[in-house]
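Architecture and fold: a report
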Amino acid sequence: MKTLQLWLSVLVLAVASLFFVSGAQAQATRTWVSGVGDDVNPCSRTAPCKTFAGAISKTAAGGIINCIDPGGFGTVTITKSITIDCRHVLAGVLASGTNGINVNAVGIDVILRGLSIEGAGTTPGLNGVNFLSGASLQIDECKIFGFTSASGTGVNFAPSANATLAISNSAISSNGTVSGGSGVAIKPSGTATAKVVLDGVQLLNNSQGLRVDGTTGTGARRVEVMRSAISGNIFQGVVGITNATLVNVLLNDNVIGNNGSIGVQSNGAGSTIMIGNNAIAGNDTGISASGGAQLLSYQTNNNNLNITANGTPTGTQAPQ
């Protein structure tokens, strides 16, 4: 009898271990999606899934989702560290009446690369990428466009804890309407601090190009923009706005032109925008500071040929 009980115990442990291994294998380090895939598949290279939402549930934290071929892979909510890398194919995310990609979990790191995120359909999309919680977000070689709800925004970066955002080599266009919205909005809540770098980004034909908003919380906003084109937006190209919170924006080596209102606006005590090596032209007003804000020039800008006024900085810094 004791021998039988022993063998039964061993059998139970063996079966349990099989279930454990099976569960562990259900989430792979790298998964795949295809335009002709199926979400019932294991998302392997030879049996890919159909959507990002289907693949993410089968991808381990810290893993990678790749695209085999062109397709529309659907909206997705990300709640763990993940990379979605679909360069070299058309990887579409079509969002009607909702956000394209949500990022919302404490401490996660997310990379989005090579995606075409479009707000379309009978009901306008809300935000292309909506970041509410996480440690970092990196967006590289993406197109984000057509989020034309009243407050539609290409990248809405609104973390509730300290976080970083890096956008490079991406085009963010035609988001928002005359009533609001922007290409990129930086607006942490509570005491969260945001550190942001934009490099080689096109912010074109949005309501506002870049909005750094210090009215939504008390944490610092530190933003660097370089080698970018900020043009054709309905209102401001770049606006830093605050009532007391530190807003610090450095603009270097950019083209800021043909914006319907002000090319670069610093608004409110606590807002400091520094400009160097920028071409600022064709805007209604080139640069403007108000409400106790600072707009400091390194004296290396071309600020001319604006329609109503070029504007003057509140101070200058000598190039070192």
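Let me begin by describing the structure that accompanies this report. Quick caveat, the model's predicted, so the values are computed rather than measured.

Description of the overall build of the chain
Along its length, the chain carries two helices and 29 strands. C-alpha extents for the chain along the principal axes are approximately 95 × 40 × 35 Å. By residue count, 50% of the 320 residues in the chain fall in the buried class. Of the roughly 13700 Å² of accessible surface on the chain, a fraction of 57% belongs to carbon and sulfur atoms. Taken together, the 15 basic and 13 acidic charged side chains of the chain have centroids lying 9 Å from each other.

Here we look at the nonpolar core
With 61 residues, the main nonpolar core has Phe52, Ile78, Leu112 and Leu115 as its most contacted residues. For this core, the element with the most residues is strand S16 (residues 194-204), which contributes five residues. When neighbours within four sequence positions are excluded, Ile78 is seen to be in contact with Ile56, Ile84, Ile101, Asn102, Val103, Asn104, Ile108, Val110 and Leu112.

A closer look at the state of the cysteines
Taken as a whole, this structure holds two disulfides when the rule is applied. In this model, Cys43 is linked to Cys49 through a disulfide, with the two sulfur atoms separated by 1.8 Å. The chirality of the disulfide connecting Cys43 with Cys49 is left-handed, given an S-S dihedral of about -70 degrees. Here Cys43 falls in the buried class, since its relative accessible area comes to 0%. Judged by its relative accessible area of 0%, Cys49 is buried. Two residues, Cys67 and Cys86, share a disulfide whose sulfurs are 2.0 Å apart. Taking the sign of the S-S torsion, 60 degrees for the link of Cys67 and Cys86, the bridge is right-handed. Here Cys67, found in strand S2 (residues 59-67), pairs with Cys86, found in the loop between strand S5 (82-85) and strand S6 (91-95); they are 19 residues apart in sequence, far enough to count as distant. For Cys67, a relative accessible area of 9% translates into the label buried.

Digging into the environment of Val249
Checked against the element boundaries, Val249 lands in strand S21 (residues 247-252). Spatially, the C-alpha atoms of Val249 and Ala269 are 14 Å apart, while their sequence positions differ by 20 residues. If near-sequence neighbours (up to four positions away) are discounted, Val249 is found in contact with Val212, Val223, Thr272, Ile273 and Met274.

Side note on the sheet that holds strand S26 (residues 285-290)
Pairing is parallel in the open sheet, where nine strands are placed in the order S4-S7-S10-S13-S15-S17-S20-S23-S26. The strands lining the two open edges of the sheet, one partner per strand, are strand S4 (76-78) and S26. The average undirected angle you get between the axes of adjacent strands in this sheet is 10 degrees.

Concerning the side chain of Thr242
Within the fold, Thr242 resides in the loop between strand S20 (238-241) and S21. For Thr242, the contacting residues outside a window of four places in its chain are Gly214, Thr215, Val247, Asn267, Gly268, Ala269, Gly270 and Ser271.

Notes on the packing of aromatic side chains
On inspection of all chains with the given rule, the structure shows two aromatic pairs. With a centroid separation of 5.3 Å and an interplanar angle of 50 degrees, the aromatic rings of Phe52 and Phe73 are classed as tilted. Separated by 21 residues along the polypeptide, Phe52 in helix H2 (residues 52-56) and Phe73 in the loop between strand S3 (71-72) and S4 bring together distant segments of the chain. Of the two residues, Phe52 and Phe73, both sit in the buried class. On the numbers, 4.7 Å between centres and 35 degrees between planes, the contact of Phe131 with Phe157 is tilted. On the criterion of sequence distance, the pair formed by Phe131 in strand S10 (residues 127-133) and Phe157 in strand S13 (residues 153-157) is long-range, its members being 26 residues apart. Exposure remark for Phe131: the relative accessible area of 0% places this residue in the buried category. For Phe157, a relative accessible area of 0% puts it in the buried group.

Quick word on the side chain of Asn206
Positionally, Asn206 belongs in the loop between S16 and strand S17 (210-213). A polar side-chain atom of Asn206 sits 3.2 Å from the main-chain amide nitrogen of Ser174. Each residue touching Asn206, except ones within four places of it in the same chain, is listed here: Ile172, Ser173, Ser174, Asn175, Ser182, Gly183, Asn233 and Ile234.

Cut-off values and rules
Residues numbered from 1 in each chain as written. Predicted model: local features only at pLDDT ≥ 70, side-chain atom pairs only at ≥ 80, totals over all residues. Heavy atoms only, no water. Helix = DSSP H or I, 4+ residues; strand = E, 2+ residues; numbered from the N terminus. Buried < 20%, exposed > 50% of the residue type's maximum accessible area, 1.4 Å probe, protein only. Areas by Shrake-Rupley, 256 points an atom, 1.4 Å probe, with all protein chains shown as cover. Lys, Arg positive; Asp, Glu negative; His and termini not counted. Charge placed at Lys NZ, Arg CZ, Asp CG, Glu CD. Core = buried A, V, L, I, M, F, W, Y, C linked by side-chain atoms within 4.5 Å. Contact = heavy atoms within 4.5 Å. Disulfide = S-S within 2.5 Å. Pairing = 2+ DSSP bridges. Axes fitted to C-alpha atoms, helices over the stretch in contact; angles between N-to-C directions. Phe/Tyr/Trp six-rings, centres within 6.5 Å; stacked < 30°, edge-to-face > 60°. Polar contact = N/O pair within 3.5 Å; in protein donor to acceptor, adjacent residues only side chain to side chain.

Geometric descriptors of this kind do not, in isolation, establish any biological role.
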